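Fold and contact review
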Amino acid sequence: MDTRGLDYTVLTITIIGAINWGLIGFFGFDLVAWLFGNMSWISRIIYAAVGLSGLYLISTYGRIRSAAMESR
């Protein structure tokens, strides 16, 4: 099954979340809250999407391992 489109979308969402966490860690600035409001319904959806994307990306470990086994 080809999941490249989903993989790229989820990776992009996760990178955006990582950048937001970097801004929080280095500067104390939450970009999502600044753009959409502190814990508004849309910011909560964005935070949930980032979390779900991170969970989905855990599956890439298994796919990387199986791809490495196939190439042997």
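The rules behind these values
Residues numbered from 1 in each chain as written. Predicted model: local features only at pLDDT ≥ 70, side-chain atom pairs only at ≥ 80, totals over all residues. Heavy atoms only, no water. Axes fitted to C-alpha atoms, helices over the stretch in contact; angles between N-to-C directions. Helix = DSSP H or I, 4+ residues; strand = E, 2+ residues; numbered from the N terminus. Parallel < 35°, antiparallel > 145°, perpendicular 65-115°, else oblique. Contact = heavy atoms within 4.5 Å. Salt bridge = Lys/Arg side-chain N within 4 Å of Asp/Glu carboxyl O. Buried < 20%, exposed > 50% of the residue type's maximum accessible area, 1.4 Å probe, protein only. Left-handed = near helix turned anticlockwise from the far one by under 90°. Nonpolar A, V, L, I, M, F, W, Y, C, P; charged D, E, K, R; others polar. Phe/Tyr/Trp six-rings, centres within 6.5 Å; stacked < 30°, edge-to-face > 60°.

**Quick notes on the packing of helix α3 (residues 41–57) against helix α4 (residues 59–70)**
Following both chains from N to C, one finds α3 and α4 inclined at 25 degrees, their axes separated by 4 Å at the closest point. Taken as axis vectors, α3 and α4 run roughly parallel relative to one another. In this structure, α3 uses Leu55, Tyr56 and Leu57 to contact α4, whose residues at the interface are Ser59, Thr60, Tyr61 and Arg63.

**What to know about the pattern of salt bridges**
A complete count under the given rule lists 1 salt bridge for this structure. A salt bridge links aspartate 7 to arginine 63, with the shortest nitrogen-to-oxygen separation between them at 2.6 Å. Linking aspartate 7 in helix α1 (residues 4–27) with arginine 63 in helix α4, this pair joins segments that are 56 residues apart in sequence. Its relative accessible area of 18% is what places aspartate 7 among the buried residues.

**Observations concerning the packing of α1 against α3**
Helix-helix packing: each pair is described by the crossing angle between the helix axes and the interaxial distance. Running from N to C, α1 and α3 cross one another at 120 degrees; their axes reach a closest spacing of 8 Å. On the basis of the axis angle, α1 is oblique to α3. Along this stretch, α1 crosses α3, giving a crossing that reads as left-handed. Along its contact with α1, which presents Leu6, Asp7, Val10, Leu11, Ile13, Thr14, Gly17 and Asn20, the element α3 presents Tyr47, Ala49, Val50, Ser53, Gly54, Tyr56 and Leu57. Taken together, the residues of the contact of α1 with α3 break down into 9 nonpolar, 5 polar and 1 charged.

**Some words on the packing of aromatic side chains**
Both the distance between ring centres and the angle between the ring planes are used here to describe each pair of aromatic rings. All chains considered together, the criterion is met by 2 aromatic pairs. Plain terms: the ring middles of phenylalanine 26 and phenylalanine 27 are 6.4 Å apart, the flat faces sit at 55 degrees to each other, and that makes the pair tilted. Relative to tryptophan 34, the ring of phenylalanine 29 lies with its centre 5.8 Å away and its plane at 55 degrees, an arrangement referred to as tilted. Accessibility expressed as a relative area gives 32% for phenylalanine 29, which makes it partly exposed.

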